[in-house]
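The lines below spell out each chain.
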Amino acid sequence: RRPGFAASMSDNGIALQRAPKCLSAETPEELCSLEVMESVYKEMTSAIVRDELSPAQKSHADDVWRLIKMIYNGATRLEALAARNPDHIQSEAVAKAYAKALCCLNPTSPEAMECSLEDLELASRCLEAARVQPEFSQAQNQVVDQLRKTIQTANGGDSVH
């Protein structure tokens, strides 16, 4: 056995326990700082470990990465977590459009493969018409910005998926 492998597996056990906790709004911020999440992500995605993760664990690693990216772009962890859920949006039409955007932008979502450019454009038009940006959190606005970038890329001839 390689010495690094045993240490990696033990660190990974901690990472596997911490990932779901960092994905929960109930976990205190001090237990899931950016540094902690970066460490969790690094451990879960190391070459030795990644192939041995279950689909749920891989999903947790991907979700932790999405949180990290939103934090890098100015959101708090709690904003980033809330941005993953359209249930807190008051307008039903806006909530539906935002939910569609979330599904289409998440490549691991079963619905993502069903999304067309027309679906993305419809969601974007609805969100723009509702003028949600001033009311949305930093993280929710990042989702809207990503939706726009995806549409621009697709209009340039690249695949939505």
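Just above sits the structure.
These figures come from a predicted structure and were not determined experimentally. (Residues numbered from 1 in each chain as written. Predicted model: local features only at pLDDT ≥ 70, side-chain atom pairs only at ≥ 80, totals over all residues. Heavy atoms only, no water.)

A.B. asks: Sorry if this is basic, but what is going on with the state of the cysteines here?
C.D. replies: One covalent bond between the sulfur atoms of two cysteine residues makes up a disulfide. One pass over the structure, following the stated rule, counts 2 disulfides. Disulfide pairing is shown between Cys22 and Cys32; the S-S distance is 2.3 Å. Taking the torsion about the S-S bond as the criterion, the Cys22 to Cys32 disulfide, at about -95 degrees, is left-handed. One end of the pair, Cys22, is in helix H1 (residues 3–22); the other, Cys32, is in the loop between H1 and helix H2 (34–44), and 10 residues separate them in sequence. (Disulfide = S-S within 2.5 Å. Helix = DSSP H or I, 4+ residues; strand = E, 2+ residues; numbered from the N terminus.)

A.B. asks: Explain the environment of Cys103 here, please?
C.D. replies: Mapped onto the secondary structure, Cys103 falls in helix H6 (residues 92–105). Counting along the chain gives 10 residues from Cys103 to Met113, while the straight-line C-alpha distance between them is 9.4 Å. Among residues more than four places away in sequence, those in contact with Cys103 are Ser109, Glu111 and Ala112. (Contact = heavy atoms within 4.5 Å.)

A.B. asks: Would you take a moment to explain H2 for this structure?
C.D. replies: Since the α-helix turns once every 3.6 residues, residues separated by three or four places project in the same direction. Buried residues of H2: Val36, Met37, Val40, Glu43 and Met44, and no others. Along the axis of H2, the buried positions cluster into a sector of 130 degrees, meaning they face one direction only. Of the residues in H2, the exposed ones pointing more than 90 degrees away from the buried face are Glu35 and Lys42. (Buried < 20%, exposed > 50% of the residue type's maximum accessible area, 1.4 Å probe, protein only. Arc of directions from axis to C-beta.)

A.B. asks: Just to check I follow, could you spell out helix H4 (residues 55–72) for this structure?
C.D. replies: The end-to-end C-alpha separation of H4 is 26 Å, in line with the 26 Å expected for 18 residues at 1.5 Å each. Along H4, the residues classified as buried are Ala61, Asp63, Val64, Leu67, Ile68, Met70 and Ile71. Phi turns positive one or two residues past the end of H4, at Gly74, with a value near 110 degrees. (Expected span 1.5 Å × (residues − 1).)

A.B. asks: Is there a simple way to think about the packing of aromatic side chains in this case?
C.D. replies: Applying the stated criterion across every chain, the model contains 3 aromatic pairs. Where Tyr98 meets Phe136, the ring centres are 5.4 Å apart and the plane angle is 80 degrees; that geometry is what we call edge-to-face. With Tyr98 in helix H6 and Phe136 in the loop between helix H7 (117–129) and helix H8 (138–155), this residue pair connects regions lying 38 residues apart in the sequence. Accessibility classification places Tyr98 together with Phe136 in one group, the buried group. One aromatic cluster in this structure is built from Tyr41, Trp65 and Tyr72. (Phe/Tyr/Trp six-rings, centres within 6.5 Å; stacked < 30°, edge-to-face > 60°.)

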